Amino acid sequence: MFKVGVIGCGNMGEAIIKGLIEKAGINSTSIVVNDINKERQNYIVEKYNVAGSDIRKVVNLSEIVFLVVKPKDLQDSLESIKDLFKENQILISVLAGVKIEKIKSIVEKPLVVRIMPNTPALIGEGVIGVSFEKDTEKKQEIIDLLKGLGEVFEVKEELLDVITGLSGSGPAYVFTFIDALAQGGVKMGLPYQDALKIATQTVLGAAKLLKETGEHPAVLRDTVSSPAGTTIYGLHELEKKNFKDAVISAVETATKRSKEL
Ligand SMILES: NC(=O)C1=CN([C@@H]2O[C@H](COP(=O)(O)OP(=O)(O)OC[C@H]3O[C@@H](n4cnc5c(N)ncnc54)[C@H](OP(=O)(O)O)[C@@H]3O)[C@@H](O)[C@H]2O)C=CC1
Ligand SMILES: O=C(O)[C@@H]1CCC=N1
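First, a word on scope: everything that follows refers to the structure included in this document. (Residues numbered from 1 in each chain as written. Chains lettered and ligands numbered in written order. Predicted model: local features only at pLDDT ≥ 70, side-chain atom pairs only at ≥ 80, totals over all residues. Heavy atoms only, no water.)

1. Topic: the nonpolar core
In this structure, Leu 20, Phe 66, Val 113 and Ile 115 are the most contacted members of the largest nonpolar core, which totals 32 residues. Tallying contributions element by element places helix α1 (residues 11-22) first for this core, with five residues. Setting aside its immediate chain neighbours within four residues, Leu 20 contacts Val 4, Gly 25, Ile 26, Ile 31, Phe 66, Leu 145 and Leu 149. In this structure, Val 98, Ile 103, Val 107 and Val 112 belong to the second largest nonpolar core, which totals 22 residues. (Core = buried A, V, L, I, M, F, W, Y, C linked by side-chain atoms within 4.5 Å. Buried < 20%, exposed > 50% of the residue type's maximum accessible area, 1.4 Å probe, protein only. Helix = DSSP H or I, 4+ residues; strand = E, 2+ residues; numbered from the N terminus. Contact = heavy atoms within 4.5 Å.)

Structure follows, in structure tokens:
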């Protein structure tokens, strides 16, 4: 028997496998994986020293099964395994926008848990939204496992779409912001590699300061802004270009898209 099975070893599947081994303390020999793309499966098996197997064995041999395929592959991936699940098994779906009800209409037996992680789970710094099909005595065990991937927030299922639009997609917004900051540095004369390191540390440091002080972001923003100084000139440009409006709309639109998937 394996503790964890993972079906789908792409970007998010790898983040989960790595986070479980390196941060949640799950032994690699307790993990079995499957991917329809055998080259990808072999790469993950060799890199993380986990077992690789066919999809039916993954379900037969695992206590907890993570389903980490794209929403379009839901039906195909569950079709060949839906008869194999037992009552005491747990199926954790990572699929954006796919409701627990929809999964239960295909597989009846396992306890279905829906999560929305993000790629920083790869280094144990993710955000993981989680909703349970129903109350279970296994809830704490599952939350503790997920804590290895980052900070866990249990929410009502309807709010998982917001988590998707905010933190699921969020790293992509932040990478875009960091790249833009670095390009600003390049425009003003810094080499890109230096500018990128400076931009990355600026975002990391600001996020840590916010977290560790517990201050409101506006309070910390004002501590940076001297009267008639550089920062208020920069902030005014962001204001003129509707920066906050764009960010709020990004979360809103991504949340709506999650509901459509
Ligand atoms: N990437 C992210 O930041 C996040 C992703 N998610 C969710 O995670 C899920 C996976 O996303 P992501 O990892 O980016 O996608 P990827 O395409 O990188 O990975 C999915 C993997 O699953 C494989 N696969 C497809 N069908 C099957 C099947 N029937 N059996 C076994 N393996 C299969 C794919 O192979 P092939 O390519 O050959 O089809 C691919 O290797 C999605 O549902 C997404 O909504 C959630 C939060 C964040
Ligand atoms: O873009 C997507 O649909 C997935 C869900 C959240 C992050 N990536």
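2. What to know about the packing of α1 against helix α2 (residues 38-48)
Packed helix pairs are characterised by how far apart their axes lie and by the angle those axes make with each other. Between α1 and α2, whose axes approach to 12 Å, the crossing angle comes to 15°. Overall, the two elements α1 and α2 adopt an arrangement that is roughly parallel. Between α1 and α2 the crossing geometry is right-handed. Contacts between α1 and α2 involve Asn 11, Glu 14, Ile 17, Lys 18 and Ile 21 from the first element and Arg 40, Tyr 43, Ile 44, Lys 47 and Tyr 48 from the second. Within the contact of α1 with α2, the residues separate by chemical class into five nonpolar, one polar and four charged. (Axes fitted to C-alpha atoms, helices over the stretch in contact; angles between N-to-C directions. Parallel < 35°, antiparallel > 145°, perpendicular 65-115°, else oblique. Left-handed = near helix turned anticlockwise from the far one by under 90°. Nonpolar A, V, L, I, M, F, W, Y, C, P; charged D, E, K, R; others polar.)

3. Examining the environment of Leu 95
Along the chain, Leu 95 turns up in the loop between β5 (90-93) and α5 (100-106). Between the alpha carbons of Leu 95 and Lys 72 there is a distance of 9.3 Å; along the sequence they are 23 residues apart. Among all residues touching Leu 95, those that are not within four sequence positions of it are Leu 67, Val 69, Lys 70, Pro 71, Leu 74 and Arg 114.

4. So, the site of ligand 2
Around ligand 2, the neighbouring residues are Ala 96, Thr 164, Gly 168 and Ser 169. Notes on ligand 2: free accessible area 250 Å², of which the protein chains cover 48%. Here the shell around ligand 2 is composed, by residue class, of one nonpolar, three polar and no charged. (Near = heavy atom within 4 Å. Areas by Shrake-Rupley, 256 points an atom, 1.4 Å probe, with all protein chains shown as cover.)

5. A few points about the pairing of β5
The side-chain alternation of β5 yields two buried faces, one formed by Ile 90 and Ile 92 and the other by Leu 91 and Ser 93. Note: strand β4 (residues 62-67) against β5, four bridges, orientation parallel. Bridged to Phe 66 within β5 is Ile 92. Handedness of the crossover joining β4 and β5 through helix α4 (residues 74-79) is recorded here as right-handed. Handedness of the crossover joining β5 and strand β6 (residues 111-116) through α5 is recorded here as right-handed. (Pairing = 2+ DSSP bridges. Right-handed = clockwise from strand over helix to strand, strands pointing away.)

6. So, the sheet that holds β5
The strand order across the open sheet formed by eight strands is β3-β2-β1-β4-β5-β6-β7-β8, and the pairing between neighbours is mixed. At either margin of the open sheet sits one strand with a lone partner, and together these are β3 (51-52) and β8 (150-154). Pairing of strand β1 (residues 2-7) with strand β2 (residues 31-34), which is carried by four bridges, proceeds in the parallel orientation. Counted as the bridge partner of Val 4 is Ile 31 from β2. On the sheet, α2 packs against β2 and β3 and is oriented at approximately 160° with respect to β2. Of the strands in this sheet, β6 and β7 (126-132) touch helix α7 (residues 160-168), which is tilted by about 35° from β6.

7. Considerations on the pattern of salt bridges
The final tally for this structure, using the stated rule, is 20 salt bridges. The partner of Lys 3 in a salt bridge is Glu 141, and the shortest N-O contact between them spans 2.8 Å. Of this pair, Lys 3 sits in strand β1 while Glu 141 sits in helix α6 (residues 139-147), and the two are 138 residues apart along the sequence. Given the relative accessible area of 23%, Lys 3 is considered partly exposed. On the accessibility criterion, Glu 141 (36% relative accessible area) is partly exposed. Connected through salt bridges with shared partners, the residues Lys 3, Glu 63 and Glu 141 form a single ionic network. (Salt bridge = Lys/Arg side-chain N within 4 Å of Asp/Glu carboxyl O.)

8. Considerations on the pairing of β1
Extensive coverage of β1 is indicated by the burial of five of its six residues. In this structure, β1 lies alongside β4, joined through five bridges in parallel fashion. Opposite Val 6, over in β4, you have Phe 66 as the bridge partner. For the crossover from β1 across α1 to β2, the handedness is right-handed.

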